[in-house]
Amino acid sequence: MAAEQAALRRVATLVARGAAPEEVFTAVTEEVARLLVAELTIMCRYEPDGRAFTIVGSVGSLGKHWPRWQPLGPWGQKRHHARVRDRPASPH
């Protein structure tokens with residue numbers, strides 16, 4: 001529990017300093033990777049249409065090959081092929 005609290009504190013400090021979204025998302029992804037002892041961690045957000053997604057953070061050797069801050073999918077509209085399950089867009 002102490003590790004999770006420390007991770008949260010580090011991210012909250014970035015937010016309080018007014019860090020850019022890219023820096024915050026990268027920090028969150030790094031903290032999750034550290035807490036889960038994960039070799040690959042990718043944080044995505046769905047685009048408003050609910051069909052494409054954008055990678056906003058990645059950690060690990062495979063993660064660096066995916067373009068950040070570019071909408072991906074559905075079915076490889078960019079260089080990388082990405083399948084996103086069809087779902088209604090979130091009302092939030």
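One can find the structure itself at the top, above this paragraph.
Residues numbered from 1 in each chain as written. Predicted model: local features only at pLDDT ≥ 70, side-chain atom pairs only at ≥ 80, totals over all residues. Heavy atoms only, no water.

Chemist: Explain a nonpolar patch on the surface to me, using residue names and the numbers behind them.
Modeler: Taken together, the side chains of Val 32, Leu 35 and Leu 36 present a nonpolar region at the surface, about 260 Å² in accessible area. Relative to the assigned elements, Leu 36 resides in helix α2 (residues 21–36). Relative accessible area serves as the criterion here: at 62%, Leu 36 is assigned to the exposed category. (Patch = residues over 30% accessible without salt bridge, like charges linked within 9 Å, V, L, I, M, F, W, Y side chains within 5 Å. Areas by Shrake-Rupley, 256 points an atom, 1.4 Å probe, with all protein chains shown as cover. Salt bridge = Lys/Arg side-chain N within 4 Å of Asp/Glu carboxyl O. Helix = DSSP H or I, 4+ residues; strand = E, 2+ residues; numbered from the N terminus. Buried < 20%, exposed > 50% of the residue type's maximum accessible area, 1.4 Å probe, protein only.)

Chemist: Give a detailed account of the pairing of strand β1 (residues 41–46), specifying residues and quantitative values.
Modeler: The pairing of β1 with strand β2 (residues 53–59) spans six bridges and is classified as antiparallel. Across the sheet, residue Cys 44 finds its bridge partner in β2, namely Ile 55. Linking two consecutive strands that pair antiparallel, namely β1 and β2, is a turn of six residues; a positive phi of about 80° is found at Gly 50 within it. (Pairing = 2+ DSSP bridges.)

Chemist: Can you lay out the nonpolar core for me, pointing to particular residues and giving the numbers?
Modeler: Formed by Val 11, Leu 14, Ala 19, Val 24 and Ala 27, the largest nonpolar core amounts to five residues. Counting only elements with at least two residues in this core, the list comes to α1 (2–17) and α2. Those residues in contact with Leu 14 that sit more than four places away from it in its chain are Ala 19, Glu 23, Val 24 and Ala 27. (Core = buried A, V, L, I, M, F, W, Y, C linked by side-chain atoms within 4.5 Å. Contact = heavy atoms within 4.5 Å.)

Chemist: Can you tell me about the pattern of salt bridges, naming the residues and giving the values?
Modeler: One pass over the structure, following the stated rule, counts three salt bridges. Here Glu 23 and Arg 17 are joined by a salt bridge, their closest N and O atoms 3.5 Å apart. By relative accessible area, which is 37% here, Glu 23 ends up partly exposed. Given a relative accessible area of 59%, Arg 17 falls into the exposed group. In this structure, the salt-bridge partner of Arg 34 is Glu 31, at a minimum N-O distance of 3.2 Å. Taken together, the residues Arg 34 and Glu 31, both in helix α2 and three residues apart, mark about one turn of the helix. For Glu 31, a relative accessible area of 8% corresponds to the buried category. By sharing partners, the salt bridges in this structure join Arg 10, Glu 31 and Arg 34 into a single network.

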